[in-house]
Amino acid sequence: MSGMDLVYFEVSKACLGKLIRRKFTLTEMAYDLLRRSINRCDNPFAAGRWLLTGYGSAAVGKTSHKVYASHVGLAYYFIDNLSLNLEGVGYFVDYAHNTGGGGLDLLPRWHYLARDDWSLYLDGGWGFIYTSDTLRDPGTHFNFTIQSGTGATYDVADRLTGIVGVRWFHISNARIRGKNRNVGFDSPMFYLGVMTPF
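Here the structure is a predicted model, which is why all the values come from computation and not from measurement. (Residues numbered from 1 in each chain as written. Predicted model: local features only at pLDDT ≥ 70, side-chain atom pairs only at ≥ 80, totals over all residues. Heavy atoms only, no water.)

1. Here we look at the sheet that holds strand E5 (residues 118–131)
Read around the closed barrel, 8 strands run E1-E2-E3-E4-E5-E6-E7-E8, paired in antiparallel fashion. Looking at each pair of strands side by side, their axes are set apart by 25° on average, direction ignored. In this sheet, strand E8 (residues 185–197) lies alongside strand E7 (residues 160–172) in antiparallel orientation, the contact comprising 11 bridges. Bridged to Gly-165 within E8 is Tyr-191. (Pairing = 2+ DSSP bridges. Helix = DSSP H or I, 4+ residues; strand = E, 2+ residues; numbered from the N terminus. Axes fitted to C-alpha atoms, helices over the stretch in contact; angles between N-to-C directions.)

Structure representation (structure tokens):
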């Protein structure tokens, strides 16, 4: 073998090594992508997923004051089984005055036990409510909400998951206009609805 042939052979061997290494790298990347895709399909609460949520809720206070609400929200799972939910809420409040209003809630949710077709979770968060009339006299149109509780999900159909749960629900204006204008509504809130990926 001539010197030129030997140089060519060494260069070819080095190029082949690079190609083999690159092939393995691409194979590993393809495997990782496939693994993530399978995990995404198997786990509806996998990191990177978006869910659309809708549910209705009802709360009855100690003095028979009532709050009924409809919730529509978006959930983003930034790690597996842990999401941040932004929800728009429509309210009907039966307090000293019957009044309607709207609000916005921010709720983290953790599916601490997730199986193939069901899960158990904890959630809670903060928000606000603005009503067309004050909840009582004296009172305020603007109030804050705090809530926390537990719930469950169950797959009822392809790409449709039912949710049910209960939260402790609180309405207050944090005494921004003084103690005598604070509402102070506290009650269990029960809810039922669905979620779907998109």
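2. Considering unusual backbone geometry
Within the chain, Asn-81 stands out as a residue other than glycine whose phi angle is a positive 70°. Mapped onto the elements of the fold, Asn-81 is located in the loop between strand E2 (66–79) and strand E3 (82–94). Here Arg-159, not a glycine, exhibits a phi torsion of approximately 65°, which is positive. Inspection of the secondary structure assignment puts Arg-159 in the loop between strand E6 (142–157) and E7.

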